[in-house]
Each structure stands twice: as C-alpha cells, then as structure tokens.
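Summary of structural features
The chain contents come next:
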Amino acid sequence: MRLYRDEAVVVRQHKLGEADRIVTLLTRRNGLVRAVAKGVRRTKSRFGARLEPFSYIDVQLHPGRTLDTVTQVHTVESFAADIIDDYGRYTTACAVLETAERLAGEERAPAPRLHSLTASALRAIAAKQRPHELILDAFLLRAMGFAGWAPALDECAKCATPGPHRAFHVAAGGAVCVHCRPPGSATPAPGVLDLLVALLKGEWDYIETVPDSVRRQASGLVAAHLQWHLERQLRTLPLVERTRTPAPAGHAG
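Residues numbered from 1 in each chain as written. Predicted model: local features only at pLDDT ≥ 70, side-chain atom pairs only at ≥ 80, totals over all residues. Heavy atoms only, no water.

Per an unreviewed UniProt entry, the protein chain goes by DNA repair protein RecO and derives from Nocardia xishanensis. According to UniProt, the comment filed for the protein chain under the heading Function (unreviewed entry) is "Involved in DNA repair and RecF pathway recombination." (UniProt positions renumbered as here; feature names shortened; annotations may be inferred.)

1. Looking at the overall build of the protein chain
Regarding its fold elements, the protein chain presents seven helices and seven strands. Traced from its N-terminal end to its C-terminal end, the protein chain shows the element sequence β-β-β-β-β-α-α-α-α-β-β-α-α-α. Overall size of the protein chain, expressed as C-alpha extent along the three principal axes, is 60 × 45 × 25 Å. Sorting the 253 residues of the protein chain into buried and exposed places 49% on the buried side. By sequence separation, contacts in the protein chain at least 24 residues apart represent 57% of the contacts at least 6 residues apart. Counting only carbon and sulfur atoms, one obtains 50% of the accessible surface of the protein chain, whose full area is about 12900 Å². Across the protein chain, the 33 positively charged side chains and the 26 negatively charged ones have centroids separated by 5 Å. (Helix = DSSP H or I, 4+ residues; strand = E, 2+ residues; numbered from the N terminus. Buried < 20%, exposed > 50% of the residue type's maximum accessible area, 1.4 Å probe, protein only. Contact = heavy atoms within 4.5 Å. Areas by Shrake-Rupley, 256 points an atom, 1.4 Å probe, with all protein chains shown as cover. Lys, Arg positive; Asp, Glu negative; His and termini not counted. Charge placed at Lys NZ, Arg CZ, Asp CG, Glu CD.)

2. Description of the layout of surface pockets
Size it by volume and the largest pocket reaches roughly 390 Å³. Lining the largest pocket are 16 residues; nearest its centre among them are Arg12, Cys94, Glu98, Arg235 and Thr236. Put simply, the parts of the chain that give the lining of the largest pocket at least two residues each are strand S1 (4–16) and helix H2 (87–103). Among the elements that make up the lining of the largest pocket, the one with the highest residue count is H2 (eight residues). Of the residues assigned to the lining of the largest pocket, the class counts are eight nonpolar, two polar and six charged. (1 Å grid on protein atoms, 1.4 Å probe; cavity = no way out; pocket = protein on both sides within 12 Å on 5 of 7 lines; lining within 4 Å. Points joined across faces, edges and corners; volume = space filled by probe spheres on them. Nonpolar A, V, L, I, M, F, W, Y, C, P; charged D, E, K, R; others polar.)

3. Observations concerning the packing of aromatic side chains
Taken as a whole, this structure holds one aromatic pair when the rule is applied. Measuring from centroid to centroid gives 5.9 Å for Phe54 and Tyr90, while their planes differ by 80 degrees, and the two rings are edge-to-face. Within this pair, whereas Phe54 is found in the loop between strand S3 (31–37) and strand S4 (55–62), its partner Tyr90 is found in helix H2, the two being separated by 36 residues in sequence. On the basis of relative accessibility, which here comes to 34%, the residue Tyr90 falls in the partly exposed class. (Phe/Tyr/Trp six-rings, centres within 6.5 Å; stacked < 30°, edge-to-face > 60°.)

As structure tokens, this is what we get:
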C-alpha cells in the first residue's frame, strides 16, 4: 500500500513492547489514525520528541491492517513547552484532546473542522492570553456543534419559540420556554446563557468581563450537556483548574 502524508495533532500515546509507541493522531484529512512509531523510546530515536501530545505535526504514514506505521514526522508547531509547566493549562489541554478524540467518531472518518478547532484551542491555551477554562468552554461548545449536539440557546429546544429563556434542561437540548420546561430544569443566573452565546461567537471583549460566578455556572452547563450526549464522564474534565479573575481596583473581595 502507498505511503500517505497528513497534518495531525498528537492526541495521546502509549508504550508498545520495549522501544515502540502507539500514537493516536487527529489528522486533517483522515480523522483519527492510530499508528506505531517504531523505536521512539530509544535515546537515539530520530523523531520521538516530535510525537509527544500537544504537538502539531506533518507526518508520513504507511497504511496497515489495524495500525499504520510512522515513517517520517516534522514538527509544525509544538505547544507542549507552554502548556505542561502550568497545571491549569495542562489539565485544560488534556480535556481538549480527550474531547476531540471522543467526538471524532470512528477511525479514518474525516473531521477537518474538529482538527482545525483542536489545533486552534491548543494554540490559544499555549499563548496564555486568555483564561484557559474559557478557551475550553468555547472549544466544547463549538465541537458539540460539529457533532450536531449544540445546545439551543436563542430559542426553546423543544418548540423553537424565540428566547431569551430562563430555564435550561440538558436532556431536552438546552434552553426551554416556560411552557416546555421539564421538571428538574436548571434556572441559570442572569448572564449565563448570554455567556454561552458569546463563547460560541468568540466575543472575547465581552466574555472576559463576566463575573466568576457566571463563568462557573456556564462551565457546569457545558460540561453537563457534553457528558449527557457522550453518555459517560470525561476523565480529564473534573481535573481542570478554574482561575479567578482579579477584583477591580478598590474592590474589597
């Protein structure tokens, strides 16, 4: 079978035998690909460090029956150095990669938008210019949109009556009106659903003015919505550290 090239985000890796690793890649054209990187655990390996998680690479692969084989790899961008030295950003980036792998679906199912979104999220986390948990929430909302799971925010999830609405019910699909509101619906604080809309649209000037309490509620709704659709809890999501925004000058906290 012929060799092929692709751009990829390294999602995870694990040991195989004494010197090899299996790497999981989210590629631009081929979706999720699992491949053997032979000899990368030896100190003289040509490309071991290039296959670490949080790397964006150009990779050449030889197709196999169950696993492909990495034959060449070049680093396009490496986000690891700016991520792993900060626990909050590290756990956030791990949640991005775990979510991307779960939402990519079957192996070799093309997911070019998810690939680009994942790379952009890692780039933003590494840049350290915005709160990492907000980057994660924006990523989760947009990734769910690609999967067809985006929560209804501007209209009722059940009857499509235009909002704004006060209640939110995960199983119903998002915001719900007073007539459709199921028992057990959440009633988020004012501004929470507005924040979710802003995260979807990337309105960062507004997003960064939102109080911590509103951010926390929004994050909780996003996580609950995602995990309801995945039908299981993400391993990394509970580990994400939440930062606190500084109080304005003269404010007694």
